[in-house]
Amino acid sequence: MLESYVTPILMSYVNRYIKNLKPSDLQLSLWGGDVVLSKLELKLDVLEQELKLPFTFLSGHIHELRIHVPWTKLGSEPVVITINTMECILKLKDDTQDDHESCGSSSTNRSTTTESIKSLAKTRRIQQVTSADPDLPPGYVQSLIRRVVNNVNIVVNNLILKYVEDDIVLSVNITSAECYTVDEFWDRAFMDILAPELVLRKVINFSDCTVCLDKRNASGKIEFYQDPLLYKCSFCTRLHFTYDNLNSKIPSIIKIQALVESLKLSITDQQLPMLIRIIQLGIALYYGEICSYKDTEVEETSSTAKDTSIIQMAGAESETGIQGQHAAQYQNADTQQQLQQQDGDDGQGWVSWAWSLVPALVSYSEEGDETYEIDENGMKINCPRSSAPKDPVVSVGFYCTKATVTFKLTEMQMESSYYSPQKVKSKEVLCWEQEGTTVEVLMMGELFFDCQMGFVGCKALCLKGIMGVKDFEETTNRSETEACFFSCGESLNSKGLTYLTNSLFDYRSPENNGVRAEFILDAAQHKETYTEIAGVQRFGAFYMDYLYTMECSSGKGSVQQQDVSLNKNEDLGSVHEMSTKRLVVGPMEVRLDSSSVHRVLKMVACGLDHEYEPYSKPISETVDESRTLPSQEEVAALEEYIPTRLTCITVLKTTITITLAEFNLLDNLLPIILGQKNSTPVLNAPHFHPLRPLPALRIQVDKVSLEHSVPMYAGQLVPAVSSLNQPSDNLLHNCYAHCYVKIFGFQAGLTSLDSGGSFCPPAPVIPPFSTAFYGKLLRLPSYWVKRPFVPTTECIFELPSLTLQATRAQTLLLQTILQSWTHNTGASVSLPVDEALLKDIFRPLGVKSQNPLPTLEGSIQNVELKYCSTSLVKCVSGTMGSIKACAKAPGRSDGMKEKLIPLIQGPSDTRELHKSKWLNESRKPVSLFAPDLITFTIQIPQQMDSYHNSENRT
């Protein structure tokens, strides 16, 4: 009796994605309890059609598939599905590929597969009606099947995925992956969804995950295998499903989170361009710049792909709100198991397909989407379709305790024998260490999407030598303090496990204490809760929050997803969208010395050393002369609300130390970075001796704040506003990209690194000051050619005050530091700096000089510069409130007071210029309301060709 219920469920998955299976043979094997299938070929066209990704499968096969069904203990032991050696090879779809033909063949196969499953389901229903077991009480069958489905164990041994493109071969090999059901303590158990908790927990363990990135030649072969990007990494994934009731088709809350204790990445100079290429592919897919497959919905909503592509994939549903092709449907009491079919031909993407793997009951009907039940006499009873369920709340998280990224340089080595193959030897030169990494995504359909990212602490280290200079080889015995050139945040020992807060790996989280979790899905409440201060307190080094929300213009928050999507496509004014990105960087220290600068620039040069074509070419601006004028209702809607993208970046206390260049080989790196061929041979310096004391320029900034806003749909907004005769200031303001930059507490001074690896207190050169900058840039300026009085660019710079002060010794040392970087000294170590010069600058604490050196000081106040350009003219204007330059003769120990000798000062009261005391006194402006010292305006006419040509066309 139970075979008639369980067999169709298992066969539906197997027969749908595997070729050349005979349902009768598979059915007999399942009834025997175990089935073993060897050398199986996957239905690649079905996978391509359902995944809806711009990739095509070159091959896909399973070496062995085992299914174990414990028929006598179905209520206490799980069904185990084991896959041994599964391999798939993918590539990016070719634009010339005939998608209609491929889709047609795929549809044919899908239809054949569906019909076979329908036939099998029909046979099972007939057998079910005619051979009902009186020993099984009503409701027992569906309860038992639900328990079986919820406890299926899936084991995959040796999973191999490969992606090929141009000369890139990316392969992922997972030795073992296992998915099983667990209890409330996350231990393996046989569980069921029971009231009042209504929760199902699962765990997926991945063992020995290895990722390789290699380069193949023109014949498609890999000549030299690179070091793996990731070698034998294991991690655990916890899944937590919360249902509203036992009859729910899909969970109302889905929480999927993975934890990695140690993540060690290795990147060689040959792998770096290929890795950047893979990252660019992901960005191009996110922004919809690659769309080989034909999808009318994607084409219609291409303008909204930048902010909603991930949301649409993650929350996409059909009109009925059913997620995927197979959904759970449980009926109670006197009826037999209800069988229904969700037509999968209009699937919404890979996530909808993935819903088939969520614990659900696979069922089919005979006629399309019609839902019915079978009574005791075998007659069909039509049932009304249930209302569309609301979008589930999906929370996805990734957590890493410690991550390490090592950059390596490779070189070829010949074996002793002439016929021996060449080998690649790699040398570690740069290392990035990061602790407490968190990536969390929270989404609910298309209405809400939030991504938060952060980490507790990080640092960058120099390893071994670079470009022939053995500065950090084992023989130099340099300390880790000198090797570290970047540090930010705190360590996990002092911060604790704050990065796991409210995750499934946090024992204090609601899910681990039997409490239903609550999520903030309101934009205003989200901003109040997840502030910059809260982000810094949780992480410390870096925090990012990306929030995208969509709501109806009527102000109702609970709207159906499909209604919002339709309104958004028809009229932008009916839907209010908002996109906000906030980034906070904690206190950090950066040291730019010869070792770190050469390593970073070498990595940049290696990343640019490729000949890959970009995935998308920039679209030239073409003015649509036939565009229609917007109606009054559309203008009123734009006046009410225009969606924008806002980015806020805050950098807290930062210290940057620029040391004297101990060696300078920038002439070998800068031409490569600038796109020029490097003909200068690399110089070798086998003997490297650190220069101590090492003078340096230290820059400190208390806070840097940046805000950038841009219209979300400039391609639709600008043509509409530019066609108006007299657009309002509000509409014009939203046609620009705006940028605000504020710098607080900027100061600079000279310091020196001693032999112990510590810096002495800095001698001030620039006292603390603050400044601000504002700029705006017109979007799609070609639409405004006929309006020459509309500014295309406008910038404002404000500087309340700035003071520079330095002695002659400090000036000479600054000049020496500058020349060490601008003048190529080769690989030889820079000449030592005169010790007397350093003694004049850096005095021991508590020791006063007998003859202090005079100081030259200059200051300016109330500086404001403006720049504005139109299609007719460029204009620069500015004002300077005051300027002052003087020489200070500091007081001495014998009682002489400090003398001030003015050189330049303005504005100044010169009425007592003829008196001798005028030279010895410090003068101030007569009043704060005194006129500015300098006011200027410069206008440069532009070429009028384009303007006259536009007039001639009209």
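Rules and cut-offs
Residues numbered from 1 in each chain as written. Predicted model: local features only at pLDDT ≥ 70, side-chain atom pairs only at ≥ 80, totals over all residues. Heavy atoms only, no water. Helix = DSSP H or I, 4+ residues; strand = E, 2+ residues; numbered from the N terminus. Buried < 20%, exposed > 50% of the residue type's maximum accessible area, 1.4 Å probe, protein only. Contact = heavy atoms within 4.5 Å. Areas by Shrake-Rupley, 256 points an atom, 1.4 Å probe, with all protein chains shown as cover. Phe/Tyr/Trp six-rings, centres within 6.5 Å; stacked < 30°, edge-to-face > 60°. Lys NZ or Arg CZ within 6 Å of the ring centre and 35° of its normal. Pairing = 2+ DSSP bridges. Expected span 1.5 Å × (residues − 1). Core = buried A, V, L, I, M, F, W, Y, C linked by side-chain atoms within 4.5 Å. Salt bridge = Lys/Arg side-chain N within 4 Å of Asp/Glu carboxyl O. Axes fitted to C-alpha atoms, helices over the stretch in contact; angles between N-to-C directions. Parallel < 35°, antiparallel > 145°, perpendicular 65-115°, else oblique. Left-handed = near helix turned anticlockwise from the far one by under 90°. Nonpolar A, V, L, I, M, F, W, Y, C, P; charged D, E, K, R; others polar. Polar contact = N/O pair within 3.5 Å; in protein donor to acceptor, adjacent residues only side chain to side chain. Patch = residues over 30% accessible without salt bridge, like charges linked within 9 Å, V, L, I, M, F, W, Y side chains within 5 Å. Bend = angle between axes of the 7 residues up to and from the residue. Disulfide = S-S within 2.5 Å. pLDDT = per-residue confidence, 0-100.

**Let's talk about the overall build of the protein**
No. 1: The helix and strand tally for the protein stands at 22 helices and 28 strands.
No. 2: Going through the 954 residues of the protein one by one, you find that 46% of them count as buried.
No. 3: Restricting to contacts in the protein with at least 6 residues of sequence separation, those with at least 24 account for 76%.
No. 4: Carbon together with sulfur atoms contributes 56% to the accessible area of the protein, which is approximately 48,900 Å² in total.

**Regarding the packing of aromatic side chains**
No. 1: Under the definition given, this model contains 9 aromatic pairs.
No. 2: Considering the side-chain rings of F206 and F235, the 4.8 Å spacing of their centres and the 25° angle between planes classify their relative orientation as stacked. A residue pair is termed long-range when its members are at least 10 positions apart, and F206 in strand β6 (residues 199-215) and F235 in strand β7 (residues 230-242) qualify at 29 residues.
No. 3: Where F449 meets Y546, the ring centres are 5.9 Å apart and the plane angle is 65°; that geometry is what we call edge-to-face. Placement of the pair is F449 in strand β13 (residues 448-462) and Y546 in strand β15 (residues 542-552), with a sequence separation of 97 residues.
No. 4: Its guanidinium or amino end placed over the ring of Y180, R188 lies 3.8 Å from that ring's centre, counting from NZ or CZ.
No. 5: Its end group placed over the ring of Y507, R508 keeps NZ or CZ at 5.7 Å from the ring centre.

**Focus: the pairing of strand β14 (residues 484-489)**
No. 1: Here β13 runs beside β14; their pairing, made up of 5 bridges, is antiparallel. Looking at the pairing, A460 lines up with F486 of β14.
No. 2: As judged from the 3 bridges shared by β14 and strand β17 (residues 588-592), these two strands associate in the antiparallel manner. Directly across from C488, in β17, lies its bridge partner M588.

**Section: helix α6 (residues 271-286)**
No. 1: End to end, α6 covers 23 Å across 16 residues, agreeing with the expected 22 Å (1.5 Å per residue, within 8%).
No. 2: Along α6, the residues that are buried comprise Q271, L272, P273, M274, R277, L281, A284 and Y286.

**Quick notes on the nonpolar core**
No. 1: By size, the foremost hydrophobic cluster in this structure holds 140 residues, and its most contacted members are L65 and I67.
No. 2: Sequence-distant contacts of I67, that is, excluding residues within four places in its chain, are made with L10, V14, L30, G33, D34, V35, V80 and I81.

**Section: unusual backbone geometry**
No. 1: A cis amide bond, omega 5°, links A195 with the succeeding residue P196.
No. 2: Mapping P196 onto the fold places it in the loop between β5 (168-182) and β6.
No. 3: Following G906, the chain continues into P907 via a peptide bond in cis, with omega recorded as -5°.
No. 4: With respect to the secondary-structure elements, P907 resides in the loop between β27 (899-906) and β28 (934-941).
No. 5: One non-glycine residue, N158, lies in positive phi territory at about 65°.
No. 6: Assignment of secondary structure puts N158 in strand β4 (residues 153-165).

**Topic: the pairing of β28**
The two faces of a sheet get side chains in turn, since along a regular strand they alternate between them.
No. 1: Sparse coverage of β28 is indicated by the burial of 0 of its 8 residues.
No. 2: As defined by bridge partners, strand β26 (residues 873-889) adjoins β28 across 8 bridges and the pair is classed as antiparallel. If you follow V873 over to β28, its bridge partner there is P941.

**Quick notes on the pattern of salt bridges**
No. 1: Tallying each qualifying case throughout the model produces 25 salt bridges.
No. 2: Salt-bridge contacts for D166 lead to R277; the nearest nitrogen and oxygen are separated by 3.8 Å. Here the residue D166 occupies a position in the loop between β4 and β5, and R277 occupies one in helix α6, the gap between them amounting to 111 residues.
No. 3: Look at D166 and you get partly exposed, because its relative accessible area is 48%.

**Some points on the packing of α6 against helix α15 (residues 594-607)**
No. 1: Taken N-terminus to C-terminus, the directions of α6 and α15 make an angle of 65°; their axes are 7 Å apart at the nearest point. Put simply, α6 runs roughly perpendicular to α15. Between α6 and α15 the crossing geometry is right-handed. Residues L272, P273 and I276 of α6 pack against M603, C606 and G607 of α15.
No. 2: Across the contact of α6 with α15, the residue classes break down as 5 nonpolar, 1 polar and no charged.

**A short note on the side chain of R582**
No. 1: Along the chain, the position of R582 falls in strand β16 (residues 575-585).
No. 2: Separated by 2.7 Å, the side chains of R582 and D545 make a polar contact.
No. 3: What R582 contacts, discounting residues up to four positions off in sequence, is H526, K527, Y530, T531, E532, Y543, M544, D545 and C648.

**Digging into a nonpolar patch on the surface**
No. 1: A surface patch of nonpolar side chains, about 520 Å² in accessible area, is lined by L865, V876, L933, I934, F936, I938 and I940.
No. 2: At 4 residues, the largest contribution of residues to the nonpolar patch is made by β28.
No. 3: By the element assignment, F936 lies in strand β28.

**Some points on helix α1 (residues 3-17)**
No. 1: Between the first and last C-alpha of α1 there are 22 Å, a value that for 15 residues agrees with the 21 Å anticipated at 1.5 Å per step.
No. 2: Roughly 30° is the biggest bend found in α1, and it falls at M11.
No. 3: Burial within α1 is extensive, with 13 of its 15 residues counted as buried.

**Re the environment of T181**
No. 1: Following the sequence through the fold, T181 ends up in strand β5.
No. 2: Judged by its relative accessible area of 2%, T181 falls in the buried class.
No. 3: Distance in space between the C-alpha atoms of T181 and K202 is 4.3 Å, their sequence separation being 21 residues.
No. 4: At 2.7 Å, the side chain of T181 forms a polar contact with the backbone oxygen of N150.

**Let's talk about the state of the cysteines**
No. 1: Inspection of the entire model under this criterion finds 0 disulfides.
No. 2: C209 takes part in no disulfide bond, and the closest cysteine sulfur to it belongs to C233, at a distance of 6.4 Å.
No. 3: Judged by relative accessible area, C209 falls into the buried class, the value being 7%.
No. 4: There is no disulfide at C739, and the cysteine sulfur nearest it, in C795, is 9.1 Å away.

**Some points on the environment of L865**
No. 1: Relative to the helices and strands, L865 is located in strand β25 (residues 855-869).
No. 2: Distance in space between the C-alpha atoms of L865 and S877 is 5.9 Å, their sequence separation being 12 residues.
No. 3: Look past the residues within four positions of L865 in its chain and what remains in contact with it is C795, I796, F797, S877, G878 and F936.

**Some details on the confidence of the model for the protein**
No. 1: Overall, the predicted model of the protein reaches an average pLDDT of 78, with 74% of residues at or above 70.
No. 2: The element-level mean pLDDT for the protein is lowest in helix α8 (residues 305-315), coming to 34, with strand β21 (residues 703-711) highest at 97.
No. 3: Taken together, the stretch residues 98-136 has pLDDT below 50 and engages in 54 contacts with residues farther than four places along the chain or on a different chain.
No. 4: Scored below 50 in pLDDT, residues 292-386 shows 218 contacts in the model against residues more than four places distant or in partner chains.

**A short note on the environment of L521**
No. 1: Inspection of the secondary structure puts L521 in the loop between α11 (492-495) and α12 (523-529).
No. 2: Note on L521: relative accessible area 31%, which makes it partly exposed.
No. 3: Between the C-alpha atoms of L521 and V393, which are 128 residues apart in sequence, the distance is 9.2 Å.

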